[in-house]
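Chain and residue survey
So you can see what is in the structure, the chains are spelled out below.
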Amino acid sequence: MPLWLDMLRTPMAAPETAGLRRLRLVWQVLCLALAASIAGLAPLRALMGRAAPCMIAVLLVATLLATLIYLRRKHRADTIYLATLGEGR
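Residues numbered from 1 in each chain as written. Predicted model: local features only at pLDDT ≥ 70, side-chain atom pairs only at ≥ 80, totals over all residues. Heavy atoms only, no water.

**Here we look at the pattern of salt bridges**
As enumerated under the stated definition, the model contains two salt bridges in all. Note that E16 is salt-bridged to R24, the shortest N-O span being 2.7 Å. Note that K74 and D78 form a salt bridge whose closest N and O atoms lie 3.3 Å from each other. Taken together, the residues span about one helical turn, with K74 and D78 both in helix α4 (residues 51–87) at a distance of four residues. Accessibility expressed as a relative area gives 14% for D78, which makes it buried. (Salt bridge = Lys/Arg side-chain N within 4 Å of Asp/Glu carboxyl O. Helix = DSSP H or I, 4+ residues; strand = E, 2+ residues; numbered from the N terminus. Buried < 20%, exposed > 50% of the residue type's maximum accessible area, 1.4 Å probe, protein only.)

By themselves, these observations are geometric and do not establish any function.
Dropping the structure here:
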């Protein structure tokens, strides 16, 4: 069997657990909030003054941390899933 066909039949990711789904949704909300705050910097600065860039910086750090945590947990779940799948063969 060609390698590409074998790869098509092999699952590439673990099923998403409730915890991973929640973490992914939090990450997506943080990304959207960061994008919206950057796009609306001028109105935010008019409303909040000098605190607006600080708020955006906090959102940026939170998004980066959520990204790192999600990627680490997702990679661990995928690795465990694929390892147990390989043991079943």
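Having seen the model, we can carry on.
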